[in-house]
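Topology and contacts: notes
The chain contents come next:
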Amino acid sequence: MSFRPQTGSRRGDSRQYSKSTREKKAKEKKQRVSGGGLYAKEEIQVSAKEVVEKTLGSLSRVGNQIFAVSPYSQYFDEWVLTLRHSIDAFESSPAIKADEQFIKERTQIFLDVEGTLAEKRIQESNLTGEAKELADINHLLSDADKQYAEKTRELSFKRNAELQRLSEKIRVLEADVESQQEIKVSFFKPFERKRVAAKLEQAKGNLKSAKTELEVTLQTFTTDQEKLHDSYETKKQELTEKSDALHKELEKLENDTSIPARQTACNALTCAINALFQRMPA
């Protein structure tokens, strides 16, 4: 008699056991997920919290981003795109249910920050023109200094020449008066003395006129110098005020004035996300 092992029966039992185990595990998993138990709710809530925390971290980085060099407007489009990607990723998460209030808030936030950045872009464009205007004003200031120096030098030369001429004229007239006085003393005849006296008076009159002319000339040159200086100072003050105003405007090129607006937008989105998370059912 021969003995044959009953392998077929054991193999069948093994397959039946594996199938039974898989069905049991699948049933348990279905009960955990679809049974509405506490475990399923906790899993979804933790997932939503993780999405919120990740998005808030991204907003913090984007809000504190510092652009490298001016013009800073060259970075605006890329920054807004990065911000939109963060919010899109947040809203597209299965764990997040963005309601109408959140969508309305984030839409307005984007409108506000994009409008502000558009204004900043225009301001930077205007500053480029103001930089050219400042260069022109600096050139005008340099020209004003040169013109004032040249006119002052010309007026000084003219004044010195005129004073020298009048001083020489007065010196000659004083010598003539002194000479006439000596002649008057030496003549004793009445007729001669009368003629010499008349000539002396004429010399004294000429001397007086020359001294008056000298005084008027000095006063004229002083007045002309004052007018020249006042005109120069007025023009220089006007140009300097424009230059100072442009310098203040151009200082904005050295600092990124979009930072407060960008930080405000990210902070507002953070508040909106936190508020949405509080409204979401547990």
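What you see is a predicted model, and the numbers here were worked out from it, not measured in a lab.

**Quick look at the pattern of salt bridges**
For the coordinates displayed, the defined rule picks out 11 salt bridges. Here Arg 171 and Glu 168 are joined by a salt bridge, their closest N and O atoms 2.5 Å apart. Of this pair, Arg 171 and Glu 168 both sit in helix H4 (residues 100-186), 3 residues apart, which is roughly one turn of the helix. Between Asp 256 and Arg 262 there is a salt bridge; the shortest N-O distance is 3.0 Å. Exposure class is identical for Asp 256 and Arg 262. Each is buried. Connected through shared salt-bridge partners, Glu 162, Arg 165, Lys 169 and Glu 213 make up one network.

**Points about the packing of aromatic side chains**
Under the defined criterion, the tally for this structure stands at 4 aromatic pairs. Where Phe 90 meets Phe 102, the ring centres are 5.7 Å apart and the plane angle is 55°; that geometry is what we call tilted. Of this pair, Phe 90 sits in helix H3 (residues 76-92) while Phe 102 sits in helix H4, and the two are 12 residues apart along the sequence. Like Phe 90, the residue Phe 102 is buried in the burial classification.

**Some thoughts on the confidence of the model for the protein**
Looking at the protein as a whole, the pLDDT averages 79, with 77% of positions reaching at least 70. Every residue in residues 1-19 scores below 50 in pLDDT, and together they form 0 contacts with partners more than four places removed in sequence or on other chains. Overall, residues 24-44 carries pLDDT values under 50, and its contacts beyond four positions in sequence, including any with other chains, amount to 5 contacts.

**Topic: helix H6 (residues 259-279)**
An α-helix turns once per 3.6 residues; consequently, residues spaced three or four apart project the same way. Between its first and last C-alpha atoms H6 spans 30 Å; for 21 residues at 1.5 Å apiece the expected length is 30 Å, and the two agree. Along H6, the positions that sit buried rather than exposed are Ala 261, Arg 262, Ala 265, Cys 266, Leu 269, Ala 272, Ile 273 and Leu 276. Buried positions in H6, seen along its axis, are confined to an arc of 130° and lie on one side of it. Exposed residues pointing more than 90 degrees away from the buried face of H6 are listed as Thr 264, Cys 271 and Gln 278.

**Focus on the nonpolar core**
The biggest cluster of nonpolar side chains holds 27 residues, and the ones touching the most others in it are Trp 79, Leu 83, Phe 90, Ile 96, Leu 269 and Ile 273. If you list the elements that add at least two residues to this core, you get helix H2 (38-63), H3, H4 and H6. Counting residues in each nonpolar core, the second largest holds 10 residues, with Leu 166, Ile 170, Leu 173 and Ala 203 among its members.

What counts, and at which threshold
Residues numbered from 1 in each chain as written. Predicted model: local features only at pLDDT ≥ 70, side-chain atom pairs only at ≥ 80, totals over all residues. Heavy atoms only, no water. Salt bridge = Lys/Arg side-chain N within 4 Å of Asp/Glu carboxyl O. Helix = DSSP H or I, 4+ residues; strand = E, 2+ residues; numbered from the N terminus. Buried < 20%, exposed > 50% of the residue type's maximum accessible area, 1.4 Å probe, protein only. Phe/Tyr/Trp six-rings, centres within 6.5 Å; stacked < 30°, edge-to-face > 60°. pLDDT = per-residue confidence, 0-100. Contact = heavy atoms within 4.5 Å. Expected span 1.5 Å × (residues − 1). Arc of directions from axis to C-beta. Core = buried A, V, L, I, M, F, W, Y, C linked by side-chain atoms within 4.5 Å.

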